[in-house]
Amino acid sequence: MTELSLIGHIAELRRRLLLSFLSVALGMGIVYALYDHLVTFFMAPFLGNGHPLVIHSLLEGFITRFKFSVIGGIIVSLPVHLFHLVRFVFPGLSNKERQLIGWALAGSLGLALLSIWFGYHYFIPFVVRSLLTSEFVPSGVSLMLNYEQSVFYVLNFLLWGILTFQLPVLLEILLVLNI
């Protein structure tokens, strides 16, 4: 393990940040190319309820695709960011801290996948069915669901679910560090 000067650390950080930004651009391209398949996945909870999704402006389709590609590119490139963060920080950590981070990352990934599966297959359909009942939408009121809002509702819901499922990992790290 070689020791780096301050300029060496800054150069290493710059190189890793550049690679991370390039991975976001590549991820955006991948998500943009797969947009039709991905948006079908995100619209699925709304398609079976008899209420069509509508677009309210001329640019809404383009803006939705662009925003979805940017957010998707960031999400797809998260493993690259995490790799570079770990590679940049690990040389300064003790073996115990490295082991703790390794276990935390593994648990975090497992909980993130579990939250996506649980949220998409159970919780989102339940919420959509519940919010479309006559208890919340009175009879005589027609419902037109917005395309952009519906797609990003599912995406936001899944992202907040992932963050919520990370709380046990965070609490365990704090307990191990006696904080």
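K.L.:
Is there a simple way to explain the packing of helix α2 (residues 35-47) against helix α6 (residues 147-165) in this structure?
P.N.:
How two helices sit against one another is set out by the angle between their axes and by the gap between those axes. Running from N to C, α2 and α6 point in directions that differ by 85°, and their axes come no closer than 9 Å. As summarised for this structure, α2 and α6 are arranged roughly perpendicular, according to the angle between their axes. Here α2 contributes Y35, V39, F42, M43, P45 and F46 to the contact with α6, which in turn contributes Y147, S150, V151, Y153, V154, L155 and L158. Tallied by class, the residues present in the contact of α2 with α6 amount to twelve nonpolar, one polar and no charged.

K.L.:
In this structure, what is going on with the pattern of salt bridges? I would like to understand it.
P.N.:
Between side chains of opposite charge, pairing is possible as soon as their charged atoms come close. With the rule as written, the count across this model stands at three salt bridges. Residue E12 pairs with R15 through a salt bridge whose shortest N-O separation is 3.2 Å. Of the two residues, E12 and R15 are both situated in helix α1 (residues 6-33); the distance of three residues between them amounts to about one turn of the helix. Since its relative accessible area comes to 40%, R15 is described here as partly exposed. A salt bridge links R16 to E12; the nearest nitrogen and oxygen atoms lie 2.7 Å apart. Of the two residues, R16 and E12 both sit in helix α1, four residues apart, roughly one turn of that helix. Three or more residues are tied together by salt bridges with common partners; here these are E12, R15 and R16.

K.L.:
Whenever I open this one, the nonpolar core confuses me. Can you help?
P.N.:
When a protein is soluble and globular, its nonpolar side chains tend to lie buried together. Of all hydrophobic cores here, the largest spans 17 residues; its most connected members are V39, F42, F68, Y147, V151, V154 and L158. Of all the elements in the fold, those that place two or more residues in this core are α2, α5 (95-131) and α6. The element best represented in this core is α6, accounting for six residues. When neighbours within four sequence positions are excluded, F42 is seen to be in contact with F68, V151, V154, L155 and L158.

What counts and how
- Residues numbered from 1 in each chain as written.
- Predicted model: local features only at pLDDT ≥ 70, side-chain atom pairs only at ≥ 80, totals over all residues.
- Heavy atoms only, no water.
- Axes fitted to C-alpha atoms, helices over the stretch in contact; angles between N-to-C directions.
- Helix = DSSP H or I, 4+ residues; strand = E, 2+ residues; numbered from the N terminus.
- Parallel < 35°, antiparallel > 145°, perpendicular 65-115°, else oblique.
- Contact = heavy atoms within 4.5 Å.
- Nonpolar A, V, L, I, M, F, W, Y, C, P; charged D, E, K, R; others polar.
- Salt bridge = Lys/Arg side-chain N within 4 Å of Asp/Glu carboxyl O.
- Buried < 20%, exposed > 50% of the residue type's maximum accessible area, 1.4 Å probe, protein only.
- Core = buried A, V, L, I, M, F, W, Y, C linked by side-chain atoms within 4.5 Å.

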